[in-house]
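For reference, the chains in residue letters:
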Amino acid sequence: LLDEMRLMKDAHELATMRRAAEISAGAHVRAMQQSARMLRAGQDLREYHLDAELLHEFRRHGAQSPAYGSIVAAGANACVLHYRADAAPLRDGELVLIDAGCELDGYASDITRTLPVSGRFSAAQKEIYEITLAAHQAAFDLARPGVAWNEVHDAATRVLAQGMIDLGLLQGSLDAVLESGSYRQFYMHRTSHWLGLDVHDVGEYKVGDEWRKLELGMVFTIEPGFYIRPAANVLKHFENIGVRIEDDVLITEEGHECLTALCPRTVAAIEAEMASCD
């Protein structure tokens, strides 16, 4: 019962979580700008450099620690789930996936952004990113009281699967691809998890045999992804593109509030933010 009660956050908890989300959004912006700045200056740029920028921003604004080991995954590493920031170089023309959030007064935040190292998406990268963003929006559109938990995931998955078909990565109808599960070659995780005192907070996703309904005060993530490893059915220009977009969402009477809205999300907003460091 206590674990279930923790799913509904009170005003004090939400104030802390909003501040944690704000700090984390600022850290992602700092990483975006530093990536573009260092590359344009011709400096050696490694995954750990951006990890250090994230940590600095967390502590500079009073967060006690990262909420989990930050993921800074350059190039092909972005296709490895739960990769940790290491020493791989960030190269012009590649993407870097950053999954990082701070912990403030015991409460976690959790943001993922995928950005072009140099500040500009290539045509292929943009195609994959826009499909993932559309899946993200489809999930957001269902984030309101009374919607079953699995409906959010199903909405995102349908958009991703259709995108895979449209790009020629998968063959067949949308219904056939969903039924067979062949989309899992490129999207192999769930779209959401609870968020609170832990980054994967406690709480059941089903009540008996029924998916639980979203309720006022619940906070969870929305994080569709699209990961393309080299394979026989993958065209060369799509190889090693990995994209994930993740935000923290509060269920409200009006529908939802995106706690991490300050973090740039669209192609135009990310490119503009990275250009602003000139």
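Everything here concerns the structure above.
Residues numbered from 1 in each chain as written. Predicted model: local features only at pLDDT ≥ 70, side-chain atom pairs only at ≥ 80, totals over all residues. Heavy atoms only, no water.

Trainee: Talk me through the pairing of strand β13 (residues 255-258); I want residue IDs and the actual numbers.
Mentor: As defined by bridge partners, strand β12 (residues 247-252) adjoins β13 across four bridges and the pair is classed as antiparallel. Residue pairing for β13: Ile251 is matched across the bridge by His256. Between the antiparallel neighbours β12 and β13 lie two residues. (Pairing = 2+ DSSP bridges. Helix = DSSP H or I, 4+ residues; strand = E, 2+ residues; numbered from the N terminus.)

Trainee: Go over the pattern of salt bridges with me, naming the residues and quoting the values.
Mentor: The full count for this structure, using the stated rule, is 14 salt bridges. With a shortest N-O distance of 3.2 Å, Glu57 and Arg60 are connected by a salt bridge. One end of the pair is Glu57 and the other is Arg60, both in helix α3 (residues 47-60) and three residues apart, which spans about a single turn. For Glu57, a relative accessible area of 7% puts it in the buried group. (Salt bridge = Lys/Arg side-chain N within 4 Å of Asp/Glu carboxyl O. Buried < 20%, exposed > 50% of the residue type's maximum accessible area, 1.4 Å probe, protein only.)

Trainee: Got a sec to walk through the sheet that holds strand β6 (residues 111-116)? Specific residues and values, please.
Mentor: Taken together, three strands build an open sheet; the order of strands is β2-β3-β6 and the sheet is antiparallel. Whereas interior strands pair on both sides, the edge strands pair on one side only; in this sheet they are β2 (71-74) and β6. Taking the axes of each pair of neighbouring strands and ignoring which way they run, one obtains an average angle of 10° across the sheet. Here strand β3 (residues 95-100) runs beside β6; their pairing, made up of six bridges, is antiparallel. Directly across from Val96, in β6, lies its bridge partner Leu115. (Axes fitted to C-alpha atoms, helices over the stretch in contact; angles between N-to-C directions.)

Trainee: Explain the environment of Asp105 to me, using residue names and the numbers behind them.
Mentor: Within the secondary structure layout, Asp105 lies in the loop between β4 (102-104) and β5 (107-108). Linking Asp105 and Ala63, residues 42 residues apart in sequence, is a C-alpha distance of 7.4 Å.

Trainee: For the state of the cysteines, give the residues involved together with the corresponding values.
Mentor: The full count for this structure, using the stated rule, is zero disulfides. Cys263 supplies the cysteine sulfur nearest to Cys258, a cysteine that is in no disulfide, at a spacing of 9.2 Å. Residue classification places Cys258 among the buried residues on the basis of a relative accessible area of 17%. (Disulfide = S-S within 2.5 Å.)

Trainee: Before we move on, could you go through helix α5 (residues 149-166) and cite the residues and values that matter?
Mentor: Counted at 1.5 Å a residue, the expected span for α5 with its 18 residues is 26 Å, and the 27 Å between its end C-alpha atoms agrees. Three or more residues of α5 are buried, namely Trp149, Asn150, Val152, His153, Ala155, Ala156, Thr157, Leu160, Ala161, Gly163, Met164 and Ile165. In this fold, the buried residues of α5 make contact with α4 (123-141), α6 (174-180), β8 (210-211), β9 (219-222) and β10 (225-228). One or two positions beyond α5, positive phi appears at Gly168, with a value near 80°. (Expected span 1.5 Å × (residues − 1). Contact = heavy atoms within 4.5 Å.)

Trainee: Can you explain unusual backbone geometry? Please cite residues and give values.
Mentor: For residues other than glycine, phi is negative in most cases, and the peptide bonds are mostly trans. The backbone phi angle of Asp105 is positive, close to 50°, even though this residue is not glycine. A positive phi angle, near 65°, is found at Asn240, a position not held by glycine. Tracing the backbone shows Asn240 in the loop between β10 and β11 (241-244). The partly exposed category is assigned to Asn240, whose relative accessible area is 31%.

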